[in-house]
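Listed below, chain by chain, are the residues.
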Amino acid sequence: MQLQEEENAIKTTKLMKLSNNLSVAEVIKSNTAKRCGISNEPTIEHLENLKAIALNIFQPARDYFKKPIYVSSGYRSESLNKKIGGSKTSQHSKGQALDLDAHTFGGISNKDLFNFISEHTDFDQLIWEFGTETEPDWVHVSYTSNGVNRGERLIAFREKNKVKYKHYK
């Protein structure tokens, strides 16, 4: 009986909306977690953080562009983050970061998404992830509701197979 209640609670959580256009299911999905049998269920604290980034970053961008925005990576449990080689201090593991890709559904460039977030929202970190000088491959954004957001803008690049960062102009 208890197992059934836990399964029902997980299903209910996945159906939960973080904002008008973003569900928990979208931000916790992970093929790696599924393939490796890793739990990627957020805690209540993680859900609160996810809701904050959804309401303060994702939804304003979604409303502005009036187009779907794909979340390529959202919440990552500690086990999942370790499995994929993520940073030990990743804000994804706190429910405070999203990787967004506007190209997936078309109609918006990742550059336009990056610029909108930069100019119209209060963010902690905003990263132009790889790509070219004119278009990132995706946009990483973080938001914290329990402190001051740094407003740090970075560009991620590879040098000798290592990921490095430099400040965005």
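None of the values given here were measured: they were computed from a predicted structure.

Caption draft 1: Looking closely at the nonpolar core. Formed by 33 residues in total, the largest nonpolar core has its most connected members in Leu22, Val27, Leu98, Leu100, Leu113, Ile117 and Val141. When contributions to this core are tallied by element, the ones reaching two or more residues are helix 2 (24-28), helix 4 (44-65), strand 4 (97-101), helix 6 (110-120), strand 5 (125-129) and strand 6 (138-142). The biggest single contributor to this core is helix 4, with 9 residues. With residues up to four places along the chain from it excluded, the contact list for Val27 reads Leu18, Leu22, Leu50, Val71, Gly74, Tyr75 and Leu98.

Caption draft 2: Spatial organisation of helix 4. Look at helix 4: 30 Å from first C-alpha to last across 22 residues, which is about the 32 Å you get at 1.5 Å a residue. When the local axis directions of helix 4 are compared, the greatest deviation, roughly 40°, occurs at Ala54. Where helix 4 ends, the next residue or the one after it, Lys66, has phi of about 55°, a positive value.

Caption draft 3: Broad picture of the pattern of salt bridges. Across all of its chains, the model carries 4 salt bridges by this definition. For Arg76, the salt bridge is made with Asp99, and the minimal N-O distance between the two is 3.8 Å. Of the two residues, Arg76 sits in the loop between strand 3 (70-73) and helix 5 (78-83) while Asp99 sits in strand 4, which places them 23 residues apart along the sequence. Asp99 shares its class with Arg76; the two are buried. Across the salt bridge formed by Asp124 and Arg150, the nearest N and O atoms sit 2.7 Å from each other. Here the residue Asp124 occupies a position in the loop between helix 6 and strand 5, and Arg150 occupies one in the loop between strand 6 and strand 7 (152-159), the gap between them amounting to 26 residues.

Caption draft 4: Structural view of the sheet that holds strand 7. Strand order in this open sheet of 6 strands is 3-4-6-5-7-8, and the pairing throughout is mixed. Only two strands of the sheet have a single neighbouring strand rather than two, namely strand 3 and strand 8 (162-167). Here the strands of the sheet are splayed against their neighbours by 30° on average, with no regard to which way each runs.

Caption draft 5: Layout of the packing of aromatic side chains. If you walk through the whole model with that rule in mind, you get 7 aromatic pairs. Look at Tyr64 and Phe65: their rings are 4.9 Å apart centre to centre, the planes differ by 85°, and that puts the pair in the edge-to-face class. Given a relative accessible area of 18%, Phe65 falls into the buried group. Ring geometry for Trp128 against Tyr168: centres 5.7 Å apart, planes inclined by 25°, an arrangement best described as stacked.

Caption draft 6: Layout of helix 6. Looking at helix 6, one finds that the buried residues are Asn110, Leu113, Phe114, Asn115, Phe116, Ile117 and Ser118. In the core, the buried residues of helix 6 are packed alongside helix 4, strand 4, strand 5, strand 6 and strand 7.

Conventions adopted
Residues numbered from 1 in each chain as written. Predicted model: local features only at pLDDT ≥ 70, side-chain atom pairs only at ≥ 80, totals over all residues. Heavy atoms only, no water. Core = buried A, V, L, I, M, F, W, Y, C linked by side-chain atoms within 4.5 Å. Buried < 20%, exposed > 50% of the residue type's maximum accessible area, 1.4 Å probe, protein only. Helix = DSSP H or I, 4+ residues; strand = E, 2+ residues; numbered from the N terminus. Contact = heavy atoms within 4.5 Å. Expected span 1.5 Å × (residues − 1). Bend = angle between axes of the 7 residues up to and from the residue. Salt bridge = Lys/Arg side-chain N within 4 Å of Asp/Glu carboxyl O. Pairing = 2+ DSSP bridges. Axes fitted to C-alpha atoms, helices over the stretch in contact; angles between N-to-C directions. Phe/Tyr/Trp six-rings, centres within 6.5 Å; stacked < 30°, edge-to-face > 60°.

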